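Fold and geometry: a report
Chain residues, written in single-letter form:
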Amino acid sequence: MQNQRCHFLILFIQFVSIISFCHYIMPISGENETNAVKKVDVGIILDLETNVAKVMHTCILLALEDYHAANRSAIRVVPHFRDSKKDDVEAASAAIYLLKDVQVQAIFGPQMSTQTDFVIDIGNKVKAPVISPATSPSLSVKENPYFIRAALPSSSQTKAIAAIVKNYEWREVVIIYEDSPFGTGIVPHLTDALLEISTLISYRSVISPSANDDQILRELYKLNTMQTRVFIVHLQSFLASRLFFKAKEAGMMSSGYAWIITDVLTSLLDSVDPSVIESSMQGVLGVKPYFPRSNELNNFTKRWRERFRREYPNMDQVELNVYGLWAYDSITVLAKAVQNVGTTVIPEVKKPDTKEKLSDLDALGTSELGSLLIHTLQNTSLKRGLSGDFRIINGELQPSPYQIVNIIGKGERSIGFWTESDGISYKLTMNGKTAKSNNKQLGTIIWPGESTIVPRGWEMPTSGKKLRVGVPVKGGLEQFIKVEIDSKTQAVTATGFCADVFKEVIQSLPFAVTYEFIPFRIPDTQTLPDYDDLIYKISSKEYDAVIGDVTILANRSKYVDFTLPFTESGISAVVPVRDDERKNAWIFLKPLKTELWITTGAFFVFIGFVVWVLEHRVNKEFRGPKHKQVGMIFWFSFSTLVFAHRERVTSNLTRFVMIVWVFVVLVLTSSYTANLTSMLTVQQLQPTITNLNDLITNGEYVGYQEGSFVKDVLKRMNFDSSKFRSYSTLEEYNDALSSGSKNGGVGAIVDELPYLRLFLNKYCKKYIMVGPTYKAAGFGFAFPKGSPLVPDVSRAVLKVMEGEFMNNIIQKWFGNETDCPEKDGMAITSDSLTLDSFKGLFLIAGVAAGSALLIFFFIFLYQNREILATDDSILQKLSVIAKVFDEEIDNSNSKSEKPEGNVSQTATPFAASAASPEILLDLASQSPEIRISDSLGASLAEEGFSTPEPGTPVHETLIGTTERDDTYSCYNNNEHN
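The residue numbers shown here count from 1 along each chain, following its written sequence. Whole-chain, interface and lining totals are the exception, using all residues; otherwise, since this is a predicted model, local features are given only for residues with pLDDT of at least 70 and side-chain atom pairs are given and counted only at 80 or more. Just so you know, side-chain values use all the structure's heavy atoms and leave hydrogens and water out.

Take the nonpolar core next. Here, nonpolar core means buried Ala, Val, Leu, Ile, Met, Phe, Trp, Tyr and Cys residues that are tied together by side-chain atoms lying within 4.5 Å of each other. To sort residues, take the accessible area from a 1.4 Å probe on protein chains only and compare it with the maximum for the residue type: under 20% means buried, over 50% means exposed, and anything in between is partly exposed. Ranked by size, the top nonpolar core spans 88 residues in total, and within it Phe108 and Phe300 carry the most contacts. Element by element, the count of residues in this core is highest for helix 13 (residues 322–341), at 13 residues. Membership of the second largest hydrophobic core comes to 53 residues, among which are Val469, Cys498, Tyr727 and Val797. Strands are runs of DSSP state E lasting at least 2 residues, helices are runs of H or I lasting at least 4, and numbering of each runs from the N terminus.

What follows is the structure, given as structure tokens:
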């Protein structure tokens, strides 16, 4: 009975299983096509021998399982894997097989850029999307319409690497990259990023993928003999592990070195031998794309690890990486795109309509579904992808933040992040942007050699050579630089101001620098080498540096880099001092320049003429014989010089002109007095010339220091080169200036300020510096172009100049400049006042006098407009006008008249007189006004009684009447004649 029950239970279970299977299989093979599951084939091409491909293989399978489990859709994506076997032809063959035989609608892969390049061309022909994790920047999305980049290009990390270099102020780096399209693709982009921060690539080291250990070691030894100690490594893991192992052997993983690895190695660090990491990669910095940790990612990591261990039980070391996460998100995006465009119908691959025998490539046909898929895939996103914000725009995966790590122990430690918008930061916010904090530095870094001190980025070459320092050898001015050679040992010793500064600067550096001096003779003839040739020795790599009294010039900076100057700058001239000017009989003329004397005299005459014109008709003081009137013009204006004029002026226009002119005279006399007083009372050292242009005008000879660039400066200032004479010592300077140009000497010595200061300190009572001073950069130390020593030496120069050492060394070599009080050390200019200082005053006086003159003539012509309206010739009109102007207007009666009655009653007859001269004469004779005789008016004025002043209504009315009476009388007489 019990056996029967067991048998019945077994039959029941089998029956239920059959019913369930039939229920499951009917939607697939049933006659109702609308409920059937539709398959979409997708090709996957990977190098299944590599660890990265195995990681992506597991992720792709999990991605499809997760998507189908979450979306009960009638469409199922079926993957078809093919192994490219690390070969470009195999990858292309796999693509053709998948497109022709399997008829896939899209392809994911390959990994390698060279393989992807082949497959992209096939995908463009078939119109099937190719989603590839290849990182080469040479693969263009714009030029390949069916190409989708599902990984960040290697060029996107270059700015992050440049930000690290800039953060530590490294001026030069060495790039070590693989000799393959994978390695060379990043170089142009990395070069541009480094140039943006003014960092040079001093050397490019190319490592062949087939290089053996000896070849790698020889290349590392070569790098170790160079100055640069910052290395950027762009190698795949199998080659990088050998490089670092040999670098440890070469002693290049010690203190003072800095190593930066790119994301292809940082992201796949688990594929490197752990023993190599622990022994040879400690302190290395790396960058890699950052993906935020989340619960979904943690759960997926556990599932992936279990699945991966089952499929590859012998690969416990391999861990999930960003390439696997990108593959997961890419397949998820592809599955969504398939669902969106293929819910109604799944188009088949359209075969070529021809009966001809076609090759495999021509027989592929075109994918109608691919054309629909590409539009969806080119702009899509996963807001919560496993790799973070997975966004594809225009077929390109958008950049994500980069994480900066420091390799410590068996793994890595995060020390900061980088984003293109905010640069470097220690922390990152949840939305992926850098934290808005004041901490823009990286975390604590353990550098190679277990050092916490930031590497300087360069060292002196380990080839055993000392720094070869060129020094000029010349016959004089040994206070600046003096070179001595021991006759027995041939040892070169440099002394002097410049040598002492250099030695102190080298001692101030935070590291030891050994050097040796190499003499370079500056000859006394003009045709042999000079300081420019000494500088060129650096560019020809004969010298490593040049010190001495070498001036920083623009044309020299084309070949070398200068440090900051350690002396003052400028070019000026020294000339002999004149004898005491106070003994000169004509010193009273010196306060004003000649052009100012002439202008002042001309204005005196002009103002006198203007006053005479304004006062001639109305003021008896300005009438009389012609010689008297001419004398009055000169007397009146020049008398204002001492304010001695006694003549009264009656015209308001004259008064206006005199107010302005008296002010001008006051300023002129005050300035003249002050300058003359200074010349007579203050003892001064006056130069024989006050400007270098005077040397050109006078044809004087000019002296300069032998081998100096001042010769070229003088040529640019249009000096005649035949007037040049060169000297080497201060004594020669003194002899040449004392002799003068006419006796085989020179009229001036033109040189740089340090030399002139030294010269004047010795001969301050005989010579003086004259202006102007032409700017120059001063003395500096020269190094090869791009030398990493320049910034450190420049900082040391500043440190030395700010300390007490500089004062002591100046005192040692140049003495105390205050011992010569007569030498002011200033650029002397002319003491005479020039016209430029008074142009404004003369302009005001001229405008005032000219305006008054114009107003007077306009009024005069208006009053005599009847004369101008006649039909006479121009000469007759001018003759009449001149006669009218020369006639006196009698103001004596008008000054004493007092009108009786209403003013309008007086004005009416005069207004009527404008119509008829005869009426004017009658009215004048019949006027009821009371007149005071001339004698009475004069007696009243003498006794202090006032008379009507010009400008009162009575005065103006009477004047107008008298003028018209005289005018018409003269006019009528001319008519009768």
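At least two DSSP bridges between two strands are required for those strands to pair. With mixed pairing, five strands are arranged side by side in an open sheet as 27-26-28-25-29. Both outer strands of the open sheet, strand 27 (724–727) and strand 29 (767–774), are each paired with one neighbouring strand and no more. For this sheet, the mean inter-axis angle between neighbouring strands, taken without regard to orientation, is 30°. Relative to strand 29, strand 25 (residues 571–576) runs antiparallel, the two sharing five bridges. Residue pairing for strand 29: Val574 is matched across the bridge by Met769. Axis geometry follows a simple rule: fit a line to the C-alpha atoms, using only the stretch in contact for helices, then measure angles between N-to-C directions, giving values from 0 to 180 degrees.

Moving on, we come to the environment of Gln157. Position of Gln157 among the secondary structure elements: in the loop between strand 5 (147–149) and helix 5 (158–167). Once the C-alpha coordinates of Gln157 and Leu190 are considered, the two residues, 33 residues apart in sequence, prove to be 8.6 Å apart. Among the polar contacts made by the side chain of Gln157, one reaches the main-chain amide nitrogen of Asp263 at a distance of 2.8 Å. Polar contact criterion, stated in full: a pair of N or O atoms within 3.5 Å, where within protein one must be able to donate a hydrogen and the other to accept it, and residues adjacent in sequence count only if both atoms are side-chain atoms.

Let us now look at helix 7 (residues 187–196). Among all positions in helix 7, only Val187, Leu190, Thr191, Ala193 and Leu194 are buried. Each buried residue of helix 7 lies within a common arc of 165° when the element is viewed along its axis, so the set occupies one face. Phi for Ser198, located one or two positions after helix 7, is positive at around 60°. Summarising the geometry, the arc corresponds to the directions from the helix axis toward the C-beta atoms.

Let's shift gears to empty space enclosed by the protein. Using only the protein atoms, space was sampled on a 1 Å grid; points where a 1.4 Å probe fits but cannot get out form cavities, open sets with protein on both sides within 12 Å along at least five of seven lines form pockets, and lining residues are those with an atom within 4 Å of a point. Grid points are joined across faces, edges and corners, and a volume is the space filled by probe spheres set on the points. Under the counting rule described, the total for this entry stands at five cavities of 30 Å³ or more. Roughly 50 Å³ of internal volume is contained in the second largest cavity. Under the grouping applied here, Gly and all other residues not named as nonpolar or charged are polar, the nonpolar ones being Ala, Val, Leu, Ile, Met, Phe, Trp, Tyr, Cys and Pro and the charged ones Asp, Glu, Lys and Arg. Across the lining of the second largest cavity, the residue classes tally to three nonpolar, four polar and three charged.

This part covers the confidence of the model for the chain. The predicted coordinates should not be examined in detail at positions where pLDDT is low. Confidence of the predictor at the level of single residues is given by pLDDT, which spans 0 to 100. Confidence in the prediction of the chain, expressed as mean pLDDT, is 80, and 79% of residues score 70 or more. Within the model, pLDDT remains below 50 along residues 821–830, and this stretch shows 21 contacts once partners closer than five positions in the same chain are excluded. Note on definitions: a residue-residue contact is assigned when non-hydrogen atoms from the two residues lie within 4.5 Å.

By convention, a stacked pair of Phe, Tyr or Trp rings (six-membered ring in the case of Trp) has centres within 6.5 Å and planes under 30 degrees apart, an edge-to-face pair has planes over 60 apart, and any other such pair is tilted. Here the structure, examined in full by the defined rule, presents 39 aromatic pairs. Taken together, a centroid distance of 5.3 Å and an interplanar angle of 85° make the contact between Tyr168 and Trp447 edge-to-face. Taken together, the residues Tyr168 in the loop between helix 5 and strand 6 (172–178) and Trp447 in the loop between strand 18 (423–425) and strand 19 (467–473) connect sequence positions 279 residues apart. Trp447 carries the same exposure label as Tyr168, and that label is buried. Note on Phe497 and Phe566: the rings are 6.1 Å apart at their centroids and 45° apart in plane angle, and the pair reads as tilted.

This part is about the pairing of strand 6. Burial of strand 6 is extensive: seven of the seven residues sit out of reach of the surface. Side chains Glu172, Val174, Ile176 and Glu178 project from strand 6 onto one buried face, and the interleaved Val173, Ile175 and Tyr177 project onto a second face that is buried too. Bridging between strand 6 and strand 8 (residues 230–234) involves four bridges; their strand directions are parallel. Across the sheet, Ile176 pairs through a bridge with Val233, a residue of strand 8.

On the surface, Trp586, Phe588, Leu589, Trp597 and Ile598 cluster together into a nonpolar patch covering about 530 Å² of accessible area. Looking at where Trp586 falls in the secondary structure, it is placed in the loop between strand 25 and helix 17 (594–615). Exposure above 30% relative accessible area and no salt bridge define the residues that can form patches, which grow by joining like charges within 9 Å and nonpolar side chains of Val, Leu, Ile, Met, Phe, Trp and Tyr within 5 Å. For accessible areas, the Shrake-Rupley method is used with a probe of radius 1.4 Å. Any residue's cover is judged against the shown protein chains and nothing else. Only one rule defines a salt bridge in this text: a Lys or Arg side-chain nitrogen within 4 Å of an Asp or Glu carboxyl oxygen.

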